[in-house]
Amino acid sequence: QVQLVESGGGLVQPGGSLRLSCKASGSIVSINAMGWYRQAPGNSRELVAAITSTGSTNYGDSVKGRFTISRDNAKNTVYLQMNSLKPEDTAVYYCNARLRSYHDTGNRNYWGQGTQVTVSS
């Protein structure tokens, strides 16, 4: 069983910062990439940031220059530093991992339960 557990969400004022964490645990063989997606009411789920096990990164256009993704491969943990937060960043943020478990023959996408980030004054 693979589990992704997020932490760090909450309420922050515009211009503030939050740091999200996501730890993958369970019967993991290897992790190809981890990342964050978000979904606001009425919107589709969109990529926020992703990072491979070697450190290559991708960012959604709306967060470039404000958010930074990083990882600790030894801890199977990914972080998202969110700076200069705007009200439009308000969404449920979902951790994603593309990994192979002992039950898989290849890489599969796994998802966390989501954590609420609210940016409001």
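Here, the structure is the one placed above.
Thresholds, definitions, all that
Residues numbered from 1 in each chain as written. Predicted model: local features only at pLDDT ≥ 70, side-chain atom pairs only at ≥ 80, totals over all residues. Heavy atoms only, no water. Helix = DSSP H or I, 4+ residues; strand = E, 2+ residues; numbered from the N terminus. Rg over C-alpha atoms; globule rule 2.2 N^0.38 Å. Buried < 20%, exposed > 50% of the residue type's maximum accessible area, 1.4 Å probe, protein only. Areas by Shrake-Rupley, 256 points an atom, 1.4 Å probe, with all protein chains shown as cover. Lys, Arg positive; Asp, Glu negative; His and termini not counted. Charge placed at Lys NZ, Arg CZ, Asp CG, Glu CD. Pairing = 2+ DSSP bridges. Axes fitted to C-alpha atoms, helices over the stretch in contact; angles between N-to-C directions.

Engineer: Describe the overall build of the protein, naming the residues involved and giving the relevant values.
Structural biologist: Helix and strand counts for the protein stand at zero helices and eleven strands. A compact globule built from 121 residues should have a C-alpha radius of gyration of about 14 Å, and the protein, at 14 Å, falls within 12% of that. Its C-alpha atoms give the protein principal-axis dimensions of roughly 45 × 25 × 20 Å. Looking at the protein residue by residue over its 121 residues, the buried ones come to 41%. Accessible area of the protein: about 6,300 Å², with a carbon and sulfur share of 44%. Treating the 12 positive side-chain charges of the protein as one cloud and the 7 negative ones as another, the clouds have centres 6 Å apart.

Engineer: Could you give an account of the sheet that holds strand E3 (residues 18-26), with specific residues and numbers?
Structural biologist: Pairing is antiparallel in the open sheet, where four strands are placed in the order E1-E3-E8-E7. The open sheet has two edge strands, strand E1 (2-7) and strand E7 (67-72), and neither has a second partner. Averaged over all neighbouring strand pairs, the angle between strand axes comes to 15°, with direction disregarded. Where E3 meets strand E8 (residues 77-82), six bridges bridge the pair, whose relative direction is antiparallel. Looking across to E8, one finds that leucine 20 is bridged to leucine 80.

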